[in-house]
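Topology and contacts: notes
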Amino acid sequence: MGGATALASAFETGVIDLLARNPGANVDAISSALLLNAPGLAVLLDMLRANRVISTSLDAPTLAPDFEEALKFRDLLEAKIHFAKSVAPDFLHLLTALLMEPDAFAAQARVFKLFSYGHALEATAENIERTARWMRLTTALTRYEAGACMDVHDFSVYRQMLDVGRQQRRVRFAAVPRAPWSSSYGL
């Protein structure tokens, strides 16, 4: 989780964006531009280097080529990091319950409380933010993972699909062309 936490901080503080715009920027310039504590930035850059996010020297870091490629999927990276940070306490504090008493784990774990459609029924600031966070996560996951789902599950046996929320459209659009009946409906 250390690498994911470092990457989350690099996104949040603007380090990734700055390095994408200014490859090889001087560490002092990064610290000054982003108002970051120099020793803290050094730790962050070292963690990013250890996790192959940046390359070259720590005095003039650049984004690693493999990470630059992965950055094309930034929304997915950020969604998965956010999800991991949200549920990490479950596994840090409740692993024994998961192993010995799964029902107790399910009752206490945050992962099962991240979203409830009941939150979408009452328009409070907290419910709107919860729903927005959930939609960002499901949007990113669906965008990139619907095709993978289609590759391993045979949807040809289904004649109908129910679109529950807008995010399911991505699944439907990935599934329909693969269904043998879709051409008879002009899809």
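Residues numbered from 1 in each chain as written. Predicted model: local features only at pLDDT ≥ 70, side-chain atom pairs only at ≥ 80, totals over all residues. Heavy atoms only, no water.

1. As for the overall build of the chain
In terms of helices and strands, the chain carries ten helices and two strands. Along the chain, helices and strands appear, N-terminal first, in the series α-α-α-α-β-β-α-α-α-α-α-α. Expressed as a percentage of the 187 residues in the chain, the buried residues total 31%. Sequence-distant contacts in the chain: of pairs separated by 6 or more residues, those separated by 24 or more amount to 53%. (Helix = DSSP H or I, 4+ residues; strand = E, 2+ residues; numbered from the N terminus. Buried < 20%, exposed > 50% of the residue type's maximum accessible area, 1.4 Å probe, protein only. Contact = heavy atoms within 4.5 Å.)

2. Digging into the pattern of salt bridges
On inspection of all chains with the given rule, the structure shows eight salt bridges. Glu12 is paired through a salt bridge with Lys85; the nearest N and O atoms lie 3.4 Å apart. In this pair, Glu12 sits in helix H1 (residues 2-13) while Lys85 sits in helix H6 (residues 74-93), placing the two residues 73 residues apart along the sequence. In this structure, Glu78 and Arg74 form a salt bridge, with 3.4 Å as the shortest nitrogen-oxygen distance. Note that Glu78 and Arg74 are positioned in helix H6 at a spacing of four residues, about one turn of the helix. Among the ionic contacts, a cluster of salt bridges with common partners joins Asp17, Arg74 and Glu78. (Salt bridge = Lys/Arg side-chain N within 4 Å of Asp/Glu carboxyl O.)

3. Thoughts on the environment of Phe112
One can find Phe112 in the loop between helix H8 (102-108) and helix H9 (125-152). Judged by its relative accessible area of 52%, Phe112 falls in the exposed class. Through-space distance from the C-alpha of Phe112 to that of Val87 is 9.2 Å; in sequence the pair is 25 residues apart. Among residues more than four places away in sequence, those in contact with Phe112 are Phe105 and Ala106.

4. Quick word on the environment of His93
Structurally, the position occupied by His93 is in helix H6. Overall, the relative accessible area of 65% leaves His93 in the exposed class. Residues His93 and Phe105, twelve residues apart in the sequence, show an inter-C-alpha distance of 9.9 Å.

5. Section: the side chain of Thr138
Looking at the secondary structure, you find Thr138 in helix H9. Within the structure, Thr138 has its side chain in polar contact with the backbone oxygen of Met135 (distance 3.3 Å). (Polar contact = N/O pair within 3.5 Å; in protein donor to acceptor, adjacent residues only side chain to side chain.)

6. Details of the packing of aromatic side chains
Counted according to the given criterion, the structure contains two aromatic pairs. Consider the rings of Phe91 and Phe105, whose centres lie 5.8 Å apart with planes at 45°: the pair is tilted. Residue Phe91 is located in helix H6, and its partner Phe105 is located in helix H8; the two are separated by 14 residues in the primary sequence. Note on Phe91: relative accessible area 41%, which makes it partly exposed. Relative to Phe112, the ring of Phe105 has its centre 6.3 Å away and its plane inclined at 85°; by these criteria the two rings are edge-to-face. Residue Phe105 is classed as buried on the basis of its relative accessible area of 5%. Taken together, the ring pairs connect Phe91, Phe105 and Phe112 into an aromatic cluster. (Phe/Tyr/Trp six-rings, centres within 6.5 Å; stacked < 30°, edge-to-face > 60°.)

7. Looking at H1
Taking 1.5 Å of rise per residue, twelve residues should cover 16 Å, and H1 covers 16 Å from first to last C-alpha, within 8% of that figure. The secondary structure elements touched by the buried residues of H1 are helix H2 (15-21), helix H4 (38-50), helix H5 (65-70) and H6. One or two residues past the end of H1 sits Gly14, with phi positive at roughly 95°. (Expected span 1.5 Å × (residues − 1).)

8. Thoughts on the nonpolar core
Residues Val15, Ile16, Leu48 and Phe67 are the most contacted members of the largest nonpolar core, which totals 23 residues. Of all the secondary structure elements, the ones that give two or more residues to this core are H1, H2, helix H3 (27-34) and H4. In terms of residue count, the dominant contributor to this core is H1 (five residues). With near-sequence residues (within four places) excluded, Val15 lies in contact with Ala10, Leu34, Leu36, Leu41, Leu44, Leu45 and Leu48. (Core = buried A, V, L, I, M, F, W, Y, C linked by side-chain atoms within 4.5 Å.)

The values reported here are purely geometric and, on their own, carry no functional implication.
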